[in-house]
Amino acid sequence: MEKTGGSIFLKILKILATLLLTFIFIITAFVLPLYYSVAGIFTPKTVATVVQNIDYVEIIEKSPEFKAAMNDLGIDISVANEIMQSDEIGDFVGNCAGSVLDVVITDPKNLASFDPLVMKDIIDEHIDEISDVLNEKLEKPIKKEDIHSTMNKLLEENSDAIKQALIDLAPADNVINPYQKIMSTIKTTLSWPFITGVILAEALLLGLIYLLNKKKFGGFIWITVNAVIVAILLTVVFILCKSNLVSAVFTSAPGFLAGVGATMLGTITAKLLIAIITLAVIAVGSIIAFILLKKNSAKKASEELIEQAVVQDDNLEAEELTE
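What counts as what
- Residues numbered from 1 in each chain as written.
- Predicted model: local features only at pLDDT ≥ 70, side-chain atom pairs only at ≥ 80, totals over all residues.
- Heavy atoms only, no water.
- 1 Å grid on protein atoms, 1.4 Å probe; cavity = no way out; pocket = protein on both sides within 12 Å on 5 of 7 lines; lining within 4 Å.
- Points joined across faces, edges and corners; volume = space filled by probe spheres on them.
- Helix = DSSP H or I, 4+ residues; strand = E, 2+ residues; numbered from the N terminus.
- Nonpolar A, V, L, I, M, F, W, Y, C, P; charged D, E, K, R; others polar.
- Core = buried A, V, L, I, M, F, W, Y, C linked by side-chain atoms within 4.5 Å.
- Buried < 20%, exposed > 50% of the residue type's maximum accessible area, 1.4 Å probe, protein only.
- Contact = heavy atoms within 4.5 Å.
- Expected span 1.5 Å × (residues − 1).
- Arc of directions from axis to C-beta.
- Phe/Tyr/Trp six-rings, centres within 6.5 Å; stacked < 30°, edge-to-face > 60°.
- Axes fitted to C-alpha atoms, helices over the stretch in contact; angles between N-to-C directions.
- Parallel < 35°, antiparallel > 145°, perpendicular 65-115°, else oblique.
- Left-handed = near helix turned anticlockwise from the far one by under 90°.
- Patch = residues over 30% accessible without salt bridge, like charges linked within 9 Å, V, L, I, M, F, W, Y side chains within 5 Å.
- Areas by Shrake-Rupley, 256 points an atom, 1.4 Å probe, with all protein chains shown as cover.
- Salt bridge = Lys/Arg side-chain N within 4 Å of Asp/Glu carboxyl O.

(A) Just the layout of surface pockets, in detail. One number sums up the size of the second largest pocket: a volume of about 1000 Å³. Every residue lining the second largest pocket is counted, 29 residues in all, and those nearest its centre are Pro 33, Tyr 36, Ile 195, Ile 199 and Ile 274. Where the lining of the second largest pocket is concerned, the elements lending two or more residues are helix 1 (5–39), helix 2 (44–52), helix 10 (192–212) and helix 13 (257–322). Class assignment for the residues of the lining of the second largest pocket results in 17 nonpolar, 9 polar and 3 charged.

See the structure below:
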């Protein structure tokens, strides 16, 4: 069948549209995981993960206040890390982090007036779970009242240090407005409705790429290639983050900050790995769909040819009989 000028033009237009959508998908699918891996640090859950993975045995050994509190409760510091990494403590730390982040992100002007003692309410809310964890991990039972009073005492004795740490986080007056805008944007982009919208937008791009190349299921090949390209780019970043070149920057911080830095880097790389695996699943799923649909199409075409041959044979026999 001879191709007309119009059909050639449409084919060129389709290729250009596919390339444009491919470019947009590759850029956004590469940048978004990087952004969310870093921006995710500002979520209570990530903060809780970072806090939980600090080496508390080392901190307690170097802190007279914490060591005294542990001794008062009769807790062996060797199980401190195990206790801190429990789900119940994670929920408690996450709520504390959420309370602090609300001020850091939405109201940095008033960081100086933030009272850490408001976190006593969070202690009250989680004291039952905390008590259960401590009594499960320790040989000797501890009264919930003793745990409660010790935690409140620790908070009171360290409230000034916590407050000063928050004040140090406050931006200078001349950058308050840009800071608030940036942090507000980060908070918005970390909301589930926004993330869902981003995922749907990426899925729409792949859907359009498929529709433009659906003939003979070629759209699945385009999707596979796009997913593989982005996965390779993210893998390069992942390997760089895992290399000594980058990890040394995080682990060279003084004291326990090195552990915080290493945990933050681990959180970032973990999210990158999730993105890489997701893209790999999309690529594998697309190529499997292409193979299965191709086979099914070939099978149907073969069956149709057989049916046509049978019909022709029947027609010939009928003609012979009528003669």
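(B) Looking closely at the nonpolar core. Counting 42 residues, the largest nonpolar core has Ile 75, Ile 83 and Phe 92 as its most contacted members. Elements with a minimum of two residues in this core: helix 1, helix 3 (56–62), helix 5 (80–84), helix 6 (87–106), helix 7 (120–137), helix 8 (144–169), helix 9 (176–189) and helix 10. The greatest single-element share of this core, amounting to 9 residues, is contributed by helix 6. Discounting chain neighbours no more than four positions away, the residues touching Phe 92 are Ile 122, Ile 123, His 126, Ile 130 and Met 151. Listed in part, the 23 residues of the second largest apolar core include Ala 227, Val 230, Leu 272 and Leu 279.

(C) Molecular detail of helix 10. Between the first and last C-alpha of helix 10 there are 30 Å, a value that for 21 residues agrees with the 30 Å anticipated at 1.5 Å per step. Taken residue by residue, helix 10 has Ile 195, Val 198, Glu 202, Leu 205, Leu 206 and Ile 209 as its buried positions. What you see down the axis of helix 10 is that its buried residues fit within an arc of 90°, all on one side. Pointing more than 90 degrees away from the buried face of helix 10 are the exposed residues Trp 192, Pro 193, Leu 200, Leu 204 and Leu 211.

(D) Summary view of the packing of aromatic side chains. With the rule as written, the count across this model stands at 2 aromatic pairs. Ring centres of Tyr 35 and Tyr 36 lie 5.1 Å apart, and the angle between their planes is 80°; on these two criteria the pair is classed as edge-to-face. Relative accessible area serves as the criterion here: at 28%, Tyr 35 is assigned to the partly exposed category. Note on Tyr 210 and Phe 220: the rings are 4.7 Å apart at their centroids and 55° apart in plane angle, and the pair reads as tilted. Residue Tyr 210 is located in helix 10, and its partner Phe 220 is located in helix 11 (residues 218–242); the two are separated by 10 residues in the primary sequence.

(E) Main features of the packing of helix 10 against helix 11. Running from N to C, helix 10 and helix 11 cross one another at 140°; their axes reach a closest spacing of 7 Å. The angle between helix 10 and helix 11 places the two elements in the oblique class. Where helix 10 crosses over helix 11, the two elements pack in a sense that is right-handed. Contacts between helix 10 and helix 11 involve Leu 206, Ile 209 and Tyr 210 from the first element and Gly 219, Phe 220, Trp 222, Ile 223 and Asn 226 from the second. Here the contact of helix 10 with helix 11 is composed, by residue class, of 6 nonpolar, 2 polar and no charged.

(F) Here's a closer look at the side chain of Ser 86. For Ser 86, the location among the structural elements is in the loop between helix 5 and helix 6. If near-sequence neighbours (up to four positions away) are discounted, Ser 86 is found in contact with Gln 52 and Val 133.

(G) View of a nonpolar patch on the surface. Among the surface-exposed residues, Ile 221, Val 225, Ile 229, Leu 233, Val 284, Ile 287, Ile 288, Ile 291 and Leu 292 lie close enough to one another that they form a single nonpolar patch of about 680 Å² accessible area. Of all the secondary structure elements, the ones that give two or more residues to the nonpolar patch are helix 11 and helix 13. Structurally, Ile 229 can be placed in helix 11. Judged by its relative accessible area of 34%, Ile 229 is partly exposed.

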